[in-house]
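Single-letter residue listing:
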Amino acid sequence: MQIIDTANWARKAQYEFFKDFEDPFFGVTVEVECTALYQLAREKKQSFFIHYMHKALMAMNEIDEFKLRIDGDNVIKVDCIHGTTTVFKEDHTFAFSWFDYIEDFEEFYRQTQKILDAARKDKSLEPSSTLDVVHVSVTPWMSFTQIKHPRTKAQTDSIPKILFGKAQLKDGKLMMPVNVEANHALMDGYHLSLFFKRFEELMMQ
């Protein structure tokens, strides 16, 4: 973890402007092509979610602004962004789960699959209490063009939110809506564009 020297920070003015907003979060929804990755996951009979989640975490970990968090009076940069997601259960409720980002996909897949399987049996609803995560939700039964995330203590919340929707066939390509929201005190639309550009590149590999 690194503490940012906000007094000499390049985005000091932007941080000071947005940090006391009642709700400083902004977001965007983008349709991302996922044809190749979906086909790969299907051929391997593996979870499509785990495949694209690995790509999303990889992209976020390459962009420093996604690692920034507000911690009390400090701005910090975490070393690595891990995942936490909602897990849909058979009774139509959900549980939370959290998992480490592991660069090696095969190991990431094994570890994350175990965690998701365990979460489906969990009757509690305990969210992650750490800052080195991104909050993830999934609505594989519903596409969307925009979304509003529920949020408590928005002024002090600095963890990015990402929502993956239902992939649909459009003009021969499988397109998936992806929504990302982030604290404007810590990043701008430019940084979201960097994420989507890199995420789309990884999804095509």
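Quick caveat, the model's predicted, so the values are computed rather than measured. Position numbers for residues count from 1 along each chain, tracking the sequence in the order it is written. This being a predicted model, a pLDDT of at least 70 is required before a residue's local features are given, and a value of 80 or more before pairs of side-chain atoms are given or counted; all residues contribute to the totals for chains, interfaces and linings. Side-chain numbers here rest on the full set of heavy atoms in the structure, without hydrogens or water.

**Q** I keep staring at the pairing of strand β10 (residues 173–183) and nothing clicks. Help me out?
**A** The side chains of a regular strand alternate, residue by residue, between the two faces of the sheet. Note on exposure labels: buried denotes an accessible area under 20% of the residue type's maximum, exposed denotes more than 50%, and partly exposed covers the range between, all computed with a 1.4 Å probe on protein chains only. In DSSP terms, a helix is any run of H or I states spanning at least four residues, a strand is any run of E spanning at least two, and both are numbered starting from the N terminus. In terms of residue burial, β10 counts as a mostly covered element, since ten of its eleven residues are buried. A pair of strands counts as paired when DSSP detects no fewer than two bridges linking them. Pairing analysis gives nine bridges linking strand β2 (residues 25–33) to β10, with the strands arranged antiparallel. Counterpart to Glu 33 in the pairing with β10 is Met 175. The pairing of strand β8 (residues 161–165) with β10 spans four bridges and is classified as antiparallel. The residue of β10 that forms the bridge with Phe 164 is Val 178. The pairing of strand β9 (residues 168–170) with β10 spans three bridges and is antiparallel. Residue pairing for β10: Lys 170 is matched across the bridge by Lys 173. Here β9 folds back onto β10 in antiparallel fashion, the turn holding two residues, of which Asp 171 has a positive phi close to 55°.

**Q** How should the sheet that holds strand β1 (residues 2–3) be read in this particular structure?
**A** Each strand in a sheet pairs with another by means of backbone hydrogen bonds, the pair being arranged parallel or else antiparallel. Ordered by their spatial adjacency, three strands build an open sheet running β1-β4-β3, and the pairing between neighbours is antiparallel. Unpaired on one side and paired on the other, β1 and β3 (68–71) mark the two borders of the sheet. Bridging between β3 and strand β4 (residues 74–77) involves four bridges; their strand directions are antiparallel. Bridge pairing in β4 places Ile 70 opposite Val 75.

**Q** In this structure, what is going on with the packing of aromatic side chains? I would like to understand it.
**A** Here the aromatic set is Phe, Tyr and Trp, taking the six-membered ring for Trp, and pairing holds for ring centres within 6.5 Å; pairs whose planes are under 30 degrees apart are stacked, those over 60 apart are edge-to-face, and all others are tilted. Counted according to the given criterion, the structure contains 16 aromatic pairs. Look at Phe 17 and Phe 18: their rings are 4.9 Å apart centre to centre, the planes differ by 90°, and that puts the pair in the edge-to-face class. Residue classification places Phe 17 among the exposed positions, given a relative accessible area of 54%. Measuring from ring centre to ring centre gives 6.2 Å for Phe 164 and Phe 199, while their planes differ by 55°; the resulting arrangement is tilted. One end of the pair, Phe 164, is in strand β8; the other, Phe 199, is in helix α5 (residues 189–204), and 35 residues separate them in sequence. Classification of Phe 199 by relative accessible area gives buried; the value is 0%. Through a chain of ring-to-ring contacts, three or more aromatic side chains come together here, namely Tyr 38, Phe 48, Phe 49, Tyr 52, Phe 66, Phe 164, Phe 195, Phe 196 and Phe 199.

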